[in-house]
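For reference, the chains in residue letters:
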Amino acid sequence: EAGVTQFPSHSVIEKGQTVTLRCDPISGHDNLYWYRRVMGKEIKFLLHFVKESKQDESGMPNNRFLAERTGGTYSTLKVQPAELEDSGVYFCASSPTTGTGFKGYTFGSGTRLTVV
Amino acid sequence: RKEVEQDPGPFNVPEGATVAFNCTYSNSASQSFFWYRQDCRKEPKLLMSVYSSGNEDGRFTAQLNRASQYISLLIRDSKLSDSATYLCVVISNFGNEKLTFGTGTRLTIIP
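To keep things clear, this report deals only with the structure shown in the data block. Fair warning: this is a prediction, and the values are worked out from it, not measured in the lab.

Turning our eyes to something else, we now look at the overall build of chain A. Along chain A, the regular secondary structure elements total zero helices and 11 strands. A compact globule built from 116 residues would reach a C-alpha radius of gyration of about 13 Å, and chain A, at 14 Å, matches this within 12%. Taking the principal axes of its C-alpha atoms as reference, chain A extends roughly 45 × 25 × 20 Å. With the model as given, the accessible surface of chain A reaches about 5800 Å², and the carbon-plus-sulfur share is 50%. Charge centroids of chain A, computed over 13 positive and 12 negative side chains, lie 3 Å from each other.

Here the focus is the sheet that holds strand 6 (residues 55-57) of chain B. What holds strands together in a sheet is hydrogen bonding between their backbones, with the strands either parallel or antiparallel. Residue and element names in this part refer to chain B. Strand order across the open sheet formed by five strands is 1-3-8-7-6, with antiparallel pairing between neighbours. Each end of this open sheet is capped by a strand with a single partner; those strands are strand 1 (4-6) and strand 6. Within this sheet the neighbouring strands show an average axis-to-axis angle of 20 degrees, counted without direction. Both strand 3 (residues 19-25) and strand 8 (residues 70-75) contribute to a ladder of six bridges, which runs antiparallel.

The next thing to look at is the interface of chain B and chain A. Each partner contributes residues to the interface: chain B has 18 residues there, and chain A has 21 residues. For the pair chain B and chain A, the summed buried surface comes to about 1600 Å²; carbon and sulfur atoms form 54% of the total. Across the chain B-chain A interface, the total number found is two salt bridges. The salt bridge partner of E42(A) is K2(B), with a shortest N-O separation of 3.8 Å. On the surface where chain B and chain A come into contact, there are eight residue pairs in polar contact (both at pLDDT 80 or more). Residue assignment for the side of chain B that touches chain A shows that the elements contributing at least two residues are strand 4 (32-38), strand 5 (44-50), strand 9 (84-91) and strand 10 (99-101) of chain B. Of all the elements, strand 4 of chain B adds the most residues to the side of chain B that touches chain A, at three residues.

Tallied over the entire structure, the rule returns 15 aromatic pairs over all chains. Judged by centre distance (5.6 Å) and plane angle (75 degrees), the ring pair of Y35(A) and F45(A) falls under edge-to-face. Of this pair, Y35(A) sits in strand 4 (residues 31-37) while F45(A) sits in strand 5 (residues 44-50), placing them 10 residues apart in sequence. When its relative accessible area of 9% is taken as the criterion, F45(A) is described as buried. Between Y105(A) and F107(A), the aromatic rings sit 5.6 Å apart at their centres with planes inclined by 50 degrees, giving tilted as the arrangement. By the burial criterion, Y105(A) is buried, and F107(A) matches it. Through a chain of ring-to-ring contacts, three or more aromatic side chains come together here, namely Y33(A), Y35(A), F45(A), F91(A), Y105(A), F107(A), F34(B), Y36(B) and F101(B). Taking NZ or CZ as reference, R22(A) lies 3.7 Å from the ring centre of Y74(A), over its face.

Calculation criteria
- Per chain, residue numbering runs from 1 following the sequence as it is written.
- Chains carry letters and ligands carry numbers; both start at the beginning, A for chains and 1 for ligands, and go up in the order they are written.
- With pLDDT at 70 or above as the cut-off, local features in this predicted model cover only qualifying residues; side-chain atom pairs require 80 or more to be listed or tallied, and sums for whole chains, interfaces and linings still use all residues.
- Hydrogens and waters are ignored; side-chain quantities use all the structure's heavy atoms.
- Only runs of H or I of at least four residues qualify as helices and only runs of E of at least two qualify as strands under DSSP, and these elements are numbered from the N terminus.
- With C-alpha atoms as the basis for the radius of gyration, the globule rule is written as 2.2 Å multiplied by the number of residues raised to the power 0.38.
- Surface exposure here means Shrake-Rupley accessible area, sampled with a 1.4 Å probe, where a residue is shielded only by the protein chains that are shown.
- For this count, His and the chain ends are skipped, Lys and Arg are scored as positive, and Asp and Glu as negative.
- Where a charge lies is defined by one atom per residue type, namely NZ (Lys), CZ (Arg), CG (Asp) and CD (Glu).
- Two strands make a pair as long as DSSP finds a minimum of two bridges between them.
- For helices, the fitted line uses only the C-alpha atoms of the stretch in contact; every axis is such a line through C-alpha atoms, and the angle between N-to-C directions lies from 0 to 180 degrees.
- Any two residues having at least one pair of non-hydrogen atoms within 4.5 Å are treated as being in contact.
- When two parts are put together, the accessible area they lose, computed with a 1.4 Å probe and summed over both, is reported as buried area.
- Counted as salt bridges are all cases of a side-chain nitrogen of Lys or Arg within 4 Å of a carboxyl oxygen of Asp or Glu.
- Two N or O atoms form a polar contact when they lie within 3.5 Å of each other; inside protein one atom must be a possible hydrogen donor and the other a possible acceptor, and for residues adjacent in sequence the pair counts only when both atoms belong to side chains.
- Think of it this way: a Phe, Tyr or Trp ring, Trp meaning its six-membered ring, pairs with another when their centres are within 6.5 Å, and the plane angle makes it stacked under 30 degrees, edge-to-face over 60, tilted otherwise.
- Summary of the burial criterion: residues with accessible area below 20% of their type's maximum are buried, those above 50% are exposed, and those between are partly exposed, where the area comes from a 1.4 Å probe applied to protein chains only.
- In this scheme, the term charge over a ring applies when either NZ of a lysine or CZ of an arginine sits within 6 Å of the ring centre and within 35 degrees of the ring normal.

Here's what the structure looks like:
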């Protein structure tokens, strides 16, 4: 089966610009997550969708970040306007419906965002 | 204090040796525990879940000590392909699949 796909793999933008990251989860996975790793720090949770609903967005840094998951399929994460501290690797992950025992996510290969 | 703490290393270990990593977590209510592996510029991949009874997968053994709130990973007969960053990961809340990561321990196996 196809894995979690993220696009673009790399993005370099200027401070103040807008960037939109996209994630296509594994088909049929209701749960979709966004995580971020900034330089020198641990990977941190941003938010969790169950289908099209935001289950937990406690990790979103501020209101410059907007995540959507229209129709419960792919998700986008928009950063507007981007700041230097937003640079990092943004990972998306998906997992099937809970109830069968959590067995870990499948992560996408990430989008490396550089804000200059 | 970080919720999950790991020694960042690096650990430089000769091929064939045994290496062990530890990780501590601060939330005593944490429910689930994992080791993930991350290769350079790649995504994290689940290596194994960790149970109180201990579990083994080939050359890899993981152990959880709830009383001391630490998790260990032992790699026996290390291979060059084991070179990677090993991430200790915890789920703190029951029914919530939010992963909390340590910063990772970097391992390099030397020929």
